[in-house]
Amino acid sequence: MLSVWSFLKRHKRKFVFAGAVAAGVYLLGKYAQKKIREIQEREAAEYIAQARRQYHFESNQRTCNMTVLSMLPTLRDALMQQLNSESLTSLLKKRPSNKLEIWEDLKIISFTRSIVAVYSTCMLVVLLRVQLNIIGGYIYLDNAAVTKNGTTQLAPPEVQQQYLSSIQHLLGDGLTELITVVKHAVEMVLGSSSLKETLSLFDLEEKLKDIRSLVEERKDYSLHCDQAESRSPLCPYMLADEENPLTSQASGLTEKDFTTIKLINETRDMLESPDFSMVLNTCINRGFSRLLDNVAEFFRPTEQDFSQKSCMNSVGLPLAKIIPIVNGQIHTVCSETPSHFVQDLLMMEQVKDFAANVYEAFSTPQQLKK
């Protein structure tokens with residue numbers, strides 16, 4: 001026993017040091033386990049939150065698609081009411097004495113309403129993507145209970161309804177303004193064209209390009225140069241310029257009214273961004289390409305043309321025969337059943353990516369700090 005006790009006394013410091021090291025290693029191991037567990041739990045929570053947000057985003061995109069399709073009949077009816085070509089075709093069937101004059105009116109109205117149909121459908125698709133993903137982001141934050149005060153909603157139902165009603169500008173005053181601009185451009189390009197003039201598909205494409213240039217290259221000189229360059233000239237038709245009916249009642253505004261104004265201003269910022277202009281322009285290019293594809297079905301060469309080794313662009317039709325073809329395109333462009341035209345727009349990768357970016361920007365807690 002004495003020898004053991006002597007051994008312990010001689011090596012006392014070593015045992016103390018070894019014990020301290022062992023205790024330190026044990027505590028360090030426990031701390032590491034705790035940290036690893038916390039990291040795993042945090043990663044699992046982040047993964048679940050990300051999966052939940054992804055599911056909510058995808059659900060929101062399906063809502064966007066259904067909303068677009070549900071609003072197309074309203075858009076089509078508004079267009080057909082303001083550009084009523086059917087009344088002119090009914091008059092022509094009665095063989096009136098001013099038949100030539102009616103044909104000239106029909107020419108302008110037919111081209112105007114098909115062109116406006118392309119523009120307005122594209123704008124409806126992209127604008128609703130912005131609005132529903134902004135509001136969708138706020139709804140996600142509300143559902144995720146990220147606000148400190150659980151009773152405060154970022155986007156209560158009344159605000160959602162008030163905010164989304166701003167789409168009525170595109171279907172009302174904005175559409176009327178767009179019709180006026182496009183009609184003027186159509187008159188400039190096609191006004192002097194004879195009904196007997198023969199046009200190939202290539203000629204028709206060039207006419208549409210000329211009309212588009214007149215519509216899309218209009219500058220808003222009330223804006224600064226940098227704003228005018230980045231902002232699409234079509235923005236005023238989608239959202240009233242710096243005008244909100246709520247602001248005219250400033251003294252009687254509620255907290256929900258201020259929230260709605262904030263959402264509208266955020267929407268305006270998105271519409272005036274270069275990314276929005278690029279996506280909208282891509283949609284419009286696709287839309288006019290699809291319109292020409294639809295019209296091209298009527299320019300198919302006959303067997304005789306094939307025998308003469310003729311190509312489609314050499315096949316021509318009198319303008320009088322092209323007018324009814326163009327006139328009927330509104331039923332394809334503004335079709336609530338998923339036509340190729342609308343389906344192309346809804347499934348475009350650029351639209352999907354842009355929607356994801358908008359949703360990402362408004363569904364993160366950092367948005368609350370702004």
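Note that the coordinates shown come from a computational prediction; the quantities given were computed from them, not determined experimentally. (Residues numbered from 1 in each chain as written. Predicted model: local features only at pLDDT ≥ 70, side-chain atom pairs only at ≥ 80, totals over all residues. Heavy atoms only, no water.)

### As for the overall build of the chain
This is how it is decided: The way it works is that DSSP assigns letters per residue, a run of H or I at least four long becomes a helix, a run of E at least two long becomes a strand, and they are numbered from the N terminus. Note on classification: 1.4 Å probe, protein chains only; a residue is buried when its accessible area is under 20% of the maximum for its type, exposed when over 50%, partly exposed between these limits.
Each helix and strand counted, the chain has 17 helices and two strands in total. Here the chain holds 370 residues, and the buried ones make up 42% of them.

### Observations concerning the packing of helix 4 (residues 99-143) against helix 16 (residues 340-347)
Here is the rule we go by: Axis definition: a line fit to C-alpha positions, over the contact stretch in the case of helices; interaxial angles, taken between N-to-C directions, run 0 to 180 degrees. By convention, the crossing between two helices is left-handed when the near helix turns anticlockwise from the far helix through less than a right angle, and right-handed when the turn is clockwise. Between two residues, a contact is recorded if the distance between any of their heavy atoms is within 4.5 Å.
Running from amino to carboxyl end, helix 4 crosses helix 16 at an angle of 35 degrees, the nearest separation of the two axes being 10 Å. Crossing geometry of helix 4 relative to helix 16 is assigned as right-handed. Touching Val118, Thr121, Cys122, Val125 and Arg129 of helix 4 are Phe341, Leu345 and Leu346, all from helix 16.

### Examining the nonpolar core
Note on soluble globular proteins: their nonpolar side chains tend to be buried together. Test applied: What we call a nonpolar core is a set of buried Ala, Val, Leu, Ile, Met, Phe, Trp, Tyr and Cys residues that are connected through their side-chain atoms within 4.5 Å.
Tyr119, Leu234 and Met238 are the most contacted members of the largest nonpolar core, which totals 97 residues. For this core, the leading source of residues is helix 4, giving 24 residues. Tyr119 has contacts with Leu178, Val182, Arg212, Val215, Glu216, Leu234, Ile284 and Phe288, leaving out every residue within four places of it along the chain.

### As for helix 16
To be explicit about the condition: To obtain the arc, one takes the directions from the helix axis to the C-beta atoms.
All of the buried residues in helix 16 are Phe341, Val342, Leu345 and Leu346. Buried residues of helix 16 fall within an arc of 125 degrees about the axis and therefore sit on the same side.

### Quick look at the pattern of salt bridges
Any two side chains of opposite charge can pair if their charged atoms end up close together. Worth spelling out the cut-off: Every case where a carboxyl oxygen of Asp or Glu lies within 4 Å of a side-chain nitrogen of Lys or Arg is listed as a salt bridge.
The tally for this structure, following the rule as stated, stands at eight salt bridges. The partner of Lys107 in a salt bridge is Glu104, with the nearest N and O atoms 2.8 Å apart. Of the two residues, Lys107 and Glu104 both sit in helix 4, three residues apart, roughly one turn of that helix. Look at Lys107 and you get buried, because its relative accessible area is 0%. The residue Lys262 makes a salt bridge to Glu266 at a minimum N-O spacing of 2.9 Å. Taken together, the residues span about one helical turn, with Lys262 and Glu266 both in helix 11 (residues 255-271) at a distance of four residues. Judged by relative accessible area, which is 36%, Lys262 ranks as partly exposed.

### A short note on the packing of helix 8 (residues 201-216) against helix 12 (residues 274-296)
Threshold: In what follows, roughly perpendicular refers to angles from 65 to 115 degrees, roughly parallel to angles under 35, roughly antiparallel to angles over 145, and oblique to any angle outside these ranges. Polar here means any residue other than Ala, Val, Leu, Ile, Met, Phe, Trp, Tyr, Cys and Pro, which are nonpolar, and Asp, Glu, Lys and Arg, which are charged; Gly is therefore polar.
Axis separation between helix 8 and helix 12 bottoms out at 11 Å; the angle between their running directions is 150 degrees. Relative to helix 12, the element helix 8 is oriented roughly antiparallel. As helix 8 packs across helix 12, the resulting crossing turns out to be right-handed. Residues Leu201, Leu204, Glu205, Leu208, Arg212 and Glu216 of helix 8 form the contact with helix 12, whose participating residues are Asn281, Ile284, Asn285, Phe288, Leu291, Leu292, Val295 and Ala296. Counted by class, the contact of helix 8 with helix 12 contains nine nonpolar, two polar and three charged residues.

### Re the UniProt feature "transmembrane region" (unreviewed entry) in the chain
The line we're drawing: UniProt positions are given in the numbering used here, feature names are shortened, and annotations may be inferred rather than shown by experiment.
The feature "transmembrane region" (unreviewed entry), as given by UniProt, occupies residues 15-32 and 116-141 in the numbering adopted here. Along residues 116-141, the helical share is 100% and the strand share 0%, with 37 Å between the first and last C-alpha atoms.

### Here's the deal with the confidence of the model for the chain
This is how the line gets drawn: Per-residue confidence from the prediction method is given by pLDDT, with values spanning 0 to 100.
The predicted model of the chain has a mean per-residue pLDDT of 82, with 72% of residues at 70 or higher. For the chain, helix 13 (residues 303-307) is the element with the lowest average pLDDT, namely 53, and helix 7 (residues 173-190) is the one with the highest, namely 96. Residue range residues 306-310 is modelled with pLDDT below 50. Its contacts to residues more than four positions away, or to other chains, number three contacts.

### Some remarks on unusual backbone geometry
Non-glycine residue Arg95 carries a positive phi angle of around 55 degrees. Tracing the chain through its elements places Arg95 in the loop between helix 3 (85-92) and helix 4. A relative accessible area of 75% places Arg95 in the exposed class.

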